[in-house]
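A closer look at the structure
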Amino acid sequence: MIVNGWEYMTKTAAVLPFSPNSPVYVDGMLSTLYYRTREAGLIEKVFCGDNPNHDQFIRMFDLSKKVLQIMCEVKDAGTEAERTIPVGFCWTEFPRGVDGARAAFCGFAFFKRSRQMRALGILGLAYWFRGLKIDVLHGIILKSNTNALAYAHKLGFIDTATVPDYLFHQGKLVPACAVIRYASNFLPPYDKWLADNAVEKG
C-alpha cells in the first residue's frame, strides 16, 4: 500500500519515486521499464533519437544522473486491496541553481495507454515543482514526435524554440522543439485540482 498521506496521488493515479521505501523500488523494475518501452517501439522517441541497450538504460537512472519516478494507475485506493500498476515513468536531470531559482530538464514516457495520462503528468509536475523544489522545467522533444508535443502542451508547457539539426535520429540530424513550464503558474490551480481528486481517508 502507498504510504499514508502521500501527496502525489489521486483515487486512480500516483507518481512514486524510485527510491528506498517506495512501493515501486523493487528488483527488476528498471528492466521492466526498459523492456516494456522497447516492446512499445518507443525507446528512440523517448530518448530523442538515442537507442540505449538494457545496460545503458540502467546506468542512465543512476541517482547522480536522472531522478526517476514511476507513474502508476491505482486500483482500490485507500483500502487494504490498494495496488499500483506501472504504466510509465518520468524523470528530471541536469538541475541548475538553488532553492527559489532552480531549473532542470524533464521527460515523460508511457509504455501503456492509460486514461490517467493527464493526471499522471500533473502529479509528476507537482512532484518536481514542490517535492524537488524546481522552479522551471525544460524539455527537448523530437519535432516529429507530435504525440509528445501534444502531451506537453496539455500539461501547460509552451514552445520556446525550434532548433534545427539538433538531435540525431534514424541516421541523420533532425530538428528539436524546446518547451518550458513554470512552477509559479502551476501550483495554485494544482492544489484545487488535487483537493477535487484526493483519496478519501477512511
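Residues numbered from 1 in each chain as written. Predicted model: local features only at pLDDT ≥ 70, side-chain atom pairs only at ≥ 80, totals over all residues. Heavy atoms only, no water.

1. Focus on the packing of helix H4 (residues 117-131) against helix H6 (residues 187-197)
Quick note on the threshold: The axes used here are C-alpha line fits, helices contributing only the stretch in contact, and every angle between their N-to-C directions lies in the interval 0 to 180 degrees. Secondary structure elements are defined from DSSP: runs of H or I of at least 4 residues count as helices, runs of E of at least 2 residues count as strands, and each element is numbered from the N terminus. Any angle between 65 and 115 degrees counts as roughly perpendicular, while under 35 counts as roughly parallel, over 145 as roughly antiparallel, and the rest as oblique. Handedness of a crossing is defined here by the sense of rotation of the near helix relative to the far one, left-handed for an anticlockwise turn of less than a right angle and right-handed for a clockwise turn. Residue contacts are counted whenever heavy atoms from the two residues lie within 4.5 Å of one another. Amino acids are sorted into nonpolar (Ala, Val, Leu, Ile, Met, Phe, Trp, Tyr, Cys and Pro), charged (Asp, Glu, Lys and Arg) and polar (every other residue, Gly among them).
Running from N to C, H4 and H6 cross one another at 125°; their axes reach a closest spacing of 11 Å. Regarding the angle of H4 to H6, the classification is oblique. As for the relative orientation of H4 and H6, their crossing is left-handed in sense. Between H4 and H6, the contacting residues are Arg118, Ala119, Ile122, Leu123, Ala126, Phe129 and Arg130 on the first element and Leu187, Tyr190, Asp191, Trp193 and Leu194 on the second. Taken together, the residues of the contact of H4 with H6 sort by class into nine nonpolar, no polar and three charged.

2. Quick notes on the pairing of strand S3 (residues 83-98)
As a reminder of what qualifies: Two strands qualify as a pair provided DSSP detects at least 2 bridges between them.
Two elements, strand S2 (residues 66-75) and S3, share ten bridges in a ladder whose sense is antiparallel. Along S3, the bridge assignment pairs Val74 with Thr84. Across nine bridges, S3 lies against strand S4 (residues 101-110) in antiparallel orientation. Across the sheet, residue Gly97 finds its bridge partner in S4, namely Arg102. Between the end of S3 and the start of S4, which pair antiparallel, lie two residues, with Gly100 showing a positive phi angle near 95°.

3. Let's talk about the sheet that holds S3
With mixed pairing, seven strands are arranged side by side in an open sheet as S1-S2-S3-S4-S5-S7-S6. The outermost strands of the open sheet, each flanked by one partner alone, are strand S1 (13-17) and strand S6 (158-169). Averaged over neighbouring strand pairs, the angle between their axes works out to 30° when direction is ignored. Here helix H1 (residues 29-39) sits on the sheet and contacts S2 and S3; the angle it forms with S2, its principal contact strand, is near 80°. Packed onto the sheet, H4 meets S1, S2, S3, S4, strand S5 (136-142) and strand S7 (172-182) and runs at close to 35° relative to S1.

4. As for the environment of Phe111
Condition: Summary of the burial criterion: residues with accessible area below 20% of their type's maximum are buried, those above 50% are exposed, and those between are partly exposed, where the area comes from a 1.4 Å probe applied to protein chains only.
Here Phe111 lies in the loop between S4 and H4. Take Phe111: its relative accessible area is 10%, and that puts it in the buried class. With 18 residues separating them along the chain, Phe111 and Glu93 place their C-alpha atoms 20 Å apart. Discounting residues that sit within four places of it in the chain, Phe111 has contacts with Leu33, Arg36, Thr37, Ala40, Pro86, Val87, Gly88 and Phe89.

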